Structures are given as structure tokens and as C-alpha cells.
Amino acid sequence: MNYLIIGGDDRLLYLAKMLLDDGNTVKCYALDMAKLPEGAQHTEMLDNADCVILPLPAEGKTAGTLNAPFSAKTHSIYEILSSLEQGSLVCGGKLSPKLREAAEKKNLRLRDYMTRPEFTVGNAAVTAEGAVSLLADNLKSTLFGSSVLVIGYGRIGRLLAHKLRGLDAETYVLSRNSESRALAESMGLHAVSPTADSAVFSAFDAVINTAPAMVIPSLEALKKSCLLLELASAPGGIDRERAEQLGLRCIGAPGLPGRYAPISAAELIHEAIRNILREEKHE
């Protein structure tokens, strides 16, 4: 098969190597400053391909631009979509409604590999492991005996909380959802309500946010040595400006799998795309 990889970071470079190892042809666009794996070809043309692969996230920090850290130029993702052949299969991550609308107008078959269960479950596991590593590297004490609050009890929060408990950290879970709090307690974790007394929050050595909205009631209640770790995408759930004003150390780590374990992240994308292709009857 012929693949066209457009933009992206180290994850898509590793993905290119995996696709080549499968016996495919791989061309890369907007990766002009990257060292491509042997066998991959740089291209300045949006050539026809059996499958076009966009990065995760597909858009850059500026809306409407391609996420392309290895490109010397800024590319409009809408111009890229409009240049692709009608009917092309396009796989990308974290695709916005506007991108979907643009793809539909062009009659492109746009598929979001980030929403697939084989990706989301594996991605949560990689994120949780990366968060534990980041926490261990930045705490001024061992995880053993530390008091850590995990905000959110979704896929990532659940895996993260249990990893921390396995390392003998005193692990607390804050969730707006009473069922999630009850589930956390049934699994041997401590549950905290957002309406809990502020004194509860003064004991934490670290707070890790996985929720996409601000849930923690007050940063003022945290002790000055508390480490804040933001895993959620912007705008996140921690007021980083306020944290800075209070002298709290806050580490932003959205998209952690791409930085912590790009090969593992690429393997998840690889599996998701192979399954998409099977469903599209390309394999």
C-alpha cells in the first residue's frame, strides 16, 4: 500500500518505520526538517495515496494550521485537505468539527484514530505510566508515603490512581461523580468530593489533573511544596496563572505519550490505522 504521512512529531516518524517494515511505500510531507527512516521519501507534493495520515492532534497550536513541528513552513490544514483527491481515506487524531466539515465538503473519508478503543485504552496506560515517571522525577520525596490527589476517574485517572497505590503512595481521587468516588473507595482508594473542606487539600504532596475542566475548589489550600501536574489538554483543569502567583510548581504535560514513549504511541496509531483499513476493506 501507498501511505502519505503529513506533518506530525516523533510518533509519525516511528509510524513511518513500522509501515515500511510492513512492506508499504511511505511518502512524507511537511516533515522536511526530520530525519526520515530509511526507505521513506520526502515529497513536496500531496500525492495520491491509499491512506493519508495526519498527526495527533491534527491541528497546531493556532487553529487551522497543520501540526508540523518538523516543517520550516506553516501549513494550512484546510488547504491540505482541499488538495487531496476526492474519496481519499484520511486518518488523523483529535479532529475538530470544522475539519470534519471541510473533509465532508471535499468528499474525503476522514477517520479519527484517537477515538478508537484500541487507541484510547493503550494511550491511557502510556499516559498513566508517563505521569508516574514524571512525578517521581520531580517530587522532592519518594512516592512511597507521599500523599497524591488524582483529579478525575476516567480511563487515565483510574489507571494512574491504581499505579500510584501500587507504589504505596497515599492515593486520593477527586471526582464530581458520586459513582466514581464510590468505585474508587471500593478499590481501596480515598475519595474526595469537590465540596470537601479546604483543610483536606493542605496535606497533598502532589496533585495530578486528568479532567478537562477545573474541579479543584481552591489552589490556596495547597501547601507551597505541593507539585501540580496537568495532563489534560488546554485549557486543562488547573489555573496555572493562579498557581504561579501562589508560588506553586506546575508542570504542563498534555500529550504525554508522544514525549514519554513515542514508539509505544506510534504502535497504538499503527494498530488503529490497520483496523480502520480492514474496516474500509483495503486489507
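About the criteria used
Residues numbered from 1 in each chain as written. Predicted model: local features only at pLDDT ≥ 70, side-chain atom pairs only at ≥ 80, totals over all residues. Heavy atoms only, no water. Axes fitted to C-alpha atoms, helices over the stretch in contact; angles between N-to-C directions. Helix = DSSP H or I, 4+ residues; strand = E, 2+ residues; numbered from the N terminus. Parallel < 35°, antiparallel > 145°, perpendicular 65-115°, else oblique. Contact = heavy atoms within 4.5 Å. Nonpolar A, V, L, I, M, F, W, Y, C, P; charged D, E, K, R; others polar. Phe/Tyr/Trp six-rings, centres within 6.5 Å; stacked < 30°, edge-to-face > 60°. Buried < 20%, exposed > 50% of the residue type's maximum accessible area, 1.4 Å probe, protein only. Pairing = 2+ DSSP bridges.

Participant: Explain the packing of helix α4 (residues 117–138) against helix α9 (residues 262–279) to me, using residue names and the numbers behind them.
Facilitator: Contact geometry of α4 with α9 gives a least axis separation of 9 Å together with a crossing angle of 175°. Between α4 and α9, the crossing angle belongs to the class labelled roughly antiparallel. Residue-level inspection shows Glu118, Phe119, Gly122, Asn123 and Val126 of α4 in contact with α9, the latter providing Ser264, Ala265, Leu268, Ile269, Glu271, Ala272 and Asn275. Taken together, the residues of the contact of α4 with α9 break down into six nonpolar, four polar and two charged.

Participant: Could you give an account of the packing of aromatic side chains, with specific residues and numbers?
Facilitator: Taken as a whole and judged by the stated rule, the model has three aromatic pairs. Here the aromatic cluster, defined as three or more aromatic residues joined through ring pairs, consists of Tyr172, Phe201 and Phe204.

Participant: So what's going on with the pairing of strand β7 (residues 147–151)? Residues and values would help.
Facilitator: Buried residues dominate β7, accounting for five of its five residues. Because side chains alternate across β7, one face comprises the buried residues Ser147, Leu149 and Ile151, and the other comprises Val148 and Val150, equally buried. Two strands pair when backbone bridges link them, and β7 and strand β8 (residues 170–174) are joined in this way by five bridges, in the parallel orientation. Residue pairing in the sheet places isoleucine 151 in a bridge with leucine 174 of β8.

Participant: Summarise the sheet that holds strand β1 (residues 2–6); cite the residues concerned and give the values.
Facilitator: Taken together, six strands build an open sheet; the order of strands is β3-β2-β1-β4-β5-β6 and the sheet is parallel. Since the sheet does not close on itself, it has two edges, and those belong to β3 (41–42) and β6 (109–112), each with one partner. The pairing of strand β2 (residues 25–29) with β3 spans two bridges and is parallel. What sits directly across from lysine 27, in β3, is glutamine 41.

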